[in-house]
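Notes for the structure review
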Amino acid sequence: MSKDEVSAPTMQRVSRLVVNQNDERILTNDYREPPPAAVTAAARQWVRQRAGIVCTFAMLKRRIPLLLWLPNYQWSYLPFDIIAGVTVALTAIPQSIAYGILSNLGPQYGIYSNVMGCLAYAVFGSVKDVTIAPTSLTAIMVQVVVQELHYGTALLTFLAAMITISFGVLNLGVLVRFISIPVVMGFTTAACFTIGSAQVRSLLGIKTQGKRADFVTSWENVLTHLDEIRLADALLGCCSILFLCSIRLSKDLGEGRSRTFFKYFALLRNALIVVIGVVLAYCLTTDIDHPPFQLTGHVQAGLPAFQVPPFSYTNENGTVYEFADMLGVMRTSIITIPLVTTLEIVSVGKAFSKGKIIDATQEMIALGISNLVVSFCSPLPVAGSFTRSALNHSSGVRTTLSCAITAVMLMLSLTLLTGVLYYIPKATLASIVISAMVFMIDWEEIRSIWRTKKLDMIPFFATTLACLFYELDYGILVGIGVNCCFLLYLMSTPRLTVERLQISELRVLLIGIDQSLAFSAVERLRDWTLKQVERYDGIDLVVIDGFNVHFIDMTTAKTFVEMAQDLQMHQTRLMLWRFEADIAYAMLRMRKELFLPMLRADAQLPAAISRWKHLHYLPSDDSHP
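Source: prediction; values computed, not measured. (Residues numbered from 1 in each chain as written. Predicted model: local features only at pLDDT ≥ 70, side-chain atom pairs only at ≥ 80, totals over all residues. Heavy atoms only, no water.)

1. As for the overall build of the chain
Defined as follows: Counting from the N terminus, the helices are DSSP H or I runs at least four residues long and the strands are E runs at least two residues long. Three labels apply to residues, based on accessible area from a 1.4 Å probe with only protein chains included: buried if under 20% of the type maximum, exposed if over 50%, partly exposed otherwise in between. In this analysis, two residues are considered to be in contact whenever any of their non-hydrogen atoms come within 4.5 Å of each other.
Looking only at helices and strands, the chain has 28 helices and nine strands in total. Every one of the 625 residues in the chain was classed for burial, and the buried ones make up 52%. Considering only contacts within the chain whose residues lie at least 6 apart along the sequence, 80% involve residues at least 24 apart.

2. Here we look at the packing of aromatic side chains
So the rule is basically this: Classification of ring pairs uses Phe, Tyr and Trp, with its six-membered ring standing for Trp, and accepts pairs whose centres are within 6.5 Å; under 30 degrees between planes counts as stacked, over 60 as edge-to-face, and the remaining range as tilted. Distance and angle both matter: a charge sits over a ring if NZ of Lys or CZ of Arg is within 6 Å of the ring centre and within 35 degrees of the ring normal.
Tallied over the full model, the rule gives eleven aromatic pairs. Here the guanidinium or amino end of Arg398 rests over the ring plane of Phe80, the centre of that ring lying 3.9 Å away.

3. Things to note about the pairing of strand 8 (residues 573-577)
Under the convention used in this document: In this analysis, strands are considered paired if DSSP registers two or more bridges between them. Handedness is read with the strands pointing away from the viewer; a crossover is right-handed when the path from the first strand over the helix to the second is clockwise.
Most of strand 8 sits out of view: four of its five residues are buried. Alignment of strand 7 (residues 541-545) against strand 8, held across five bridges, turns out to be parallel. Bridging across to strand 8, Leu541 finds its partner in Arg573. A crossover connection joins strand 7 to the parallel strand 8 through helix 26 (residues 554-569); in handedness this β-α-β unit is right-handed. Bridge count between strand 8 and strand 9 (residues 599-600): two bridges; the pairing is parallel. Directly across from Leu576, in strand 9, lies its bridge partner Leu599. As a crossover connection, the stretch from strand 8 through helix 27 (residues 581-598) into strand 9 is right-handed.

4. Here we look at the pattern of salt bridges
Heads up, the condition is: For this analysis, a salt bridge means a side-chain nitrogen from Lys or Arg found within 4 Å of a carboxyl oxygen belonging to Asp or Glu.
All chains considered together, the criterion is met by 14 salt bridges. Here Asp540 ties to Arg507 by a salt bridge, and the two come within 3.2 Å at their closest N and O atoms. Remark: Arg507 occurs in strand 6 (residues 506-513) and Asp540 occurs in the loop between helix 25 (519-535) and strand 7; sequence separation between them is 33 residues. Here Arg507 falls in the buried class, since its relative accessible area comes to 14%.

5. Here we look at the nonpolar core
Just so we agree on the cut-off: Take the buried residues of types Ala, Val, Leu, Ile, Met, Phe, Trp, Tyr and Cys, join any two whose side-chain atoms come within 4.5 Å, and each joined set is a nonpolar core.
Judged by nonpolar contacts, the single largest core of 97 residues is most densely connected at Tyr121, Phe187, Ile195 and Met330. Within the second largest apolar cluster, 34 residues are counted, among which are Leu496, Val549, Ile552 and Tyr585.

6. Section: the packing of helix 9 (residues 154-169) against helix 17 (residues 360-374)
Just so we agree on the cut-off: Comment: axis = line fitted to C-alpha atoms, over the contacting stretch for helices; angle = value between 0 and 180 degrees taken between N-to-C directions. For this classification, under 35 degrees means roughly parallel, over 145 means roughly antiparallel, 65 to 115 means roughly perpendicular, and everything else is oblique. By convention, the crossing between two helices is left-handed when the near helix turns anticlockwise from the far helix through less than a right angle, and right-handed when the turn is clockwise. Side-chain classes follow a simple rule in which Ala, Val, Leu, Ile, Met, Phe, Trp, Tyr, Cys and Pro form the nonpolar group, Asp, Glu, Lys and Arg form the charged group, and the remainder, Gly included, forms the polar group.
Relative to each other, helix 9 and helix 17 sit at 160°, their axes nearing to 8 Å. Between helix 9 and helix 17, the angle is such that the two are roughly antiparallel. In the crossing of helix 9 with helix 17, the sense of the turn from one axis to the other is left-handed. Packed against helix 9, whose contacting residues are Thr157, Phe158, Ala161, Met162, Thr164, Ile165, Phe167, Gly168 and Val169, the element helix 17 presents Thr361, Met364, Ile365, Leu367, Gly368, Ile369, Asn371, Leu372 and Val374 at the interface. Taken together, the residues of the contact of helix 9 with helix 17 sort by class into twelve nonpolar, six polar and no charged.

7. Considering a nonpolar patch on the surface
Selection rule: A patch consists of residues whose relative accessible area exceeds 30% and which take part in no salt bridge; residues with like charges are grouped when within 9 Å of each other, and nonpolar side chains (Val, Leu, Ile, Met, Phe, Trp, Tyr) when within 5 Å. All accessible areas in this document rest on Shrake-Rupley with a 1.4 Å probe, and a residue is counted as covered only by the protein chains that are shown.
Together, Val408, Leu412, Leu416, Leu417 and Val420 give the surface a local cluster of nonpolar side chains, amounting to about 430 Å² of exposed area. In terms of residues, the nonpolar patch owes the most to one element, helix 19 (residues 401-416), which gives three residues. Within the element layout of this structure, Leu412 appears in helix 19.

8. Considering the sheet that holds strand 9
One open sheet accounts for five strands, arranged 5-6-7-8-9; its pairing is mixed. A strand with exactly one partner marks an edge of an open sheet, and here the two such strands are strand 5 (496-503) and strand 9. Across eight bridges, strand 5 lies against strand 6 in antiparallel orientation. Looking at the pairing, Glu499 lines up with Leu510 of strand 6. Across the sheet, helix 28 (residues 605-616) touches strand 5, strand 6, strand 7, strand 8 and strand 9, and the angle it forms with strand 8 is around 135°.

9. Some details on the environment of Leu70
Positionally, Leu70 belongs in the loop between helix 4 (66-69) and helix 5 (78-102). C-alpha of Leu70 to C-alpha of Thr399: the two residues are 329 residues apart in sequence and 8.9 Å apart in space.

10. Some remarks on helix 19
What counts, and what does not: To estimate the expected span of a helix, count its residues, drop one, and scale the result by 1.5 Å.
Between the first and last C-alpha of helix 19 there are 23 Å, a value that for 16 residues agrees with the 22 Å anticipated at 1.5 Å per step. Those residues of helix 19 that fall on the buried side of the exposure criterion are Ser402, Cys403, Ala404, Ile405, Thr406, Ala407, Leu410, Ser413 and Leu414.

11. Brief notes about the UniProt feature "transmembrane region" (unreviewed entry) in the chain
Note the cut-off: UniProt positions are given in the numbering used here, feature names are shortened, and annotations may be inferred rather than shown by experiment.
Following the UniProt record, one finds the feature "transmembrane region" (unreviewed entry) at residues 82-102, 109-127, 151-172, 261-282, 364-387, 399-417 and 455-472. The span residues 261-282 is 95% helical and 0% strand by assignment, and the distance between its end C-alpha atoms comes to 29 Å. For residues 455-472, helix accounts for 78% and strand for 0%, while the C-alpha atoms at its two ends are 22 Å apart.

12. Considering the side chain of Asp81
Heads up, the rule is: Two residue types count as positive, namely Lys and Arg, and two as negative, namely Asp and Glu; His and chain ends fall outside the count.
With respect to the helices and strands, the residue Asp81 is situated in helix 5. Despite its burial, Asp81 remains without a salt bridge, the nearest opposite charge being carried by Arg398 at 6.7 Å. Sequence-distant contacts of Asp81, defined by excluding residues within four places in its chain, comprise Tyr73, Val397, Arg398, Thr399, Leu401, Ser402 and Ile405.

13. Some details on unusual backbone geometry
For Glu505, which is not a glycine, the phi torsion comes out positive at approximately 60°. In this structure, Glu505 sits in the loop between strand 5 and strand 6. Unusually for a residue other than glycine, Arg578 sits at a positive phi of about 65°. Turning to its location among the elements, Arg578 is positioned in the loop between strand 8 and helix 27.

14. Some thoughts on the environment of Met141
Position of Met141 relative to the elements: it lies in helix 7 (residues 136-141). Among the residues examined, Met141 registers a relative accessible area of 8% and is labelled buried. Sequence separation of Met141 and Glu471 is 330 residues, and the distance between their C-alpha atoms is 8.7 Å.

15. Considerations on the confidence of the model for the chain
For the record, the criterion: Within a predicted model, pLDDT stands for the predictor's per-residue confidence, ranging from 0 to 100.
On average, the chain scores 82 in pLDDT, and the residues at 70 or more come to 87%. For the chain, per-element mean pLDDT is lowest for helix 1 (residues 24-27), which scores 52, and highest for strand 7, which scores 94. Low pLDDT, under 50, characterises residues 1-22; the stretch is placed with 60 contacts to residues that sit more than four places away or in other chains. Confidence over residues 621-625 falls short of pLDDT 50; this stretch has five contacts with residues more than four positions distant or in other chains.

In structure tokens:
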């Protein structure tokens, strides 16, 4: 396109840089970076300000929310909190036992983790609806570590807690932003299939346990031991799944009071199926040594013993693991567990916040402290439980006191109900887990990914397949890696536009850029610009519009130097227009004598080119007037 005069859009933020050659800041070298002493002084000032904010009672109440709600607690809240706490406990007992077994630790450890997690969150939690408990994801993610270290896995819970607390203290919740929705959906979908597959063995009454509990090994174990299927267990398990799924689907039936009945009937379905399973097992058991179903068995009575997480461990086979060896067994779980549990608790908190702002920092600190307390009595880490939080919310909870009440109910079950817990069929617990997994897969969200951006199916499938056929913790890293590759590609391929203009008797090539210029993108700009100069023969001036550029690095500045030299070989000059002051100063710090003539900050392109031509342009012998 050719124009005699072009009027560029008015600049919203006009830099004072190089409006004319007598710019005060240029003459005084004001563009230099602050010296180390100034940076140190600024850092000290920032630390003093932060210390003044942190060392206040208001900050203490913010970090210990119990101090906020307890002085204002009303007796009218107590019935609601008691109802919510007891209702959640009825669901938490069978689920905690199921997840304790799923983790290969033992049923009591699931309850231990639930008790201590709830007590800690009652003090430090900031969202009244959230319930902290062991979840299917935390159970499945520690399985491999448990197989080698057993109780030594408490060190993993301890380290994960310290990392989570560090995330909160350092405000590193931003790391969760690198886990996109397709990656989360892929991880959740694969986890549901993996967890459900690990329970098929117990559902069918197969006693032989596979070497691992991953998706492939679980089905391999089932298919190679079909001769061990027990008809009674399989029948009880399948009927329990049908019962649970039917009740779940009926939660929206009826109107008025009947609707409320179906709603709470659905919420208590796990407790109901456990009661049915216990009654059947107790009534049909004539010989305790040969029960009709595989039973949970002995659950250790009493409260957990507190002990420091082991930093060296000797397992049941006599293998000694030093601290470094234990870290080698845990591998990436030390990072993935904090990331996944942080993502869970923030997501659960947002789901029940009703538009209120969630203090993600406080939730990370609360989660970290909960796992820190848990690590002294149980190896099974905890996270925000969506199911139990939904039950807590629907029960009309008023404060996090309900978590403490849930913990008290769980402690009572450990003290008084261990005889009843003995008769819970494993097939019943397996049916609870499998039916929960059926509804955890969000098929509508997956369809939304397909409808919105089909390219997002790549990280979704990459995460799902890596989690299914390798390991869950590595799978989510694969998904994050694929997403980061997308980000790097976008950073390296800025959208470039070109327009050929005729201004002030100069043939001008205006190059537009839609993003900042990191080292990975500037080479593309250089090559593309040179191709355009060759395409439009006889160009006098190349103008690069930096209005959308908010960052450059040393490589970018150096490449501009090389680009100016390359253009001179084509008898073409380079002008840099509308770059921000800080970016322009970075160029001047590299080579002031080269960049000073190039940089213009005029609001209008014709004015910038006219002044540039008047001050600096020396036409070559073969240039056109």
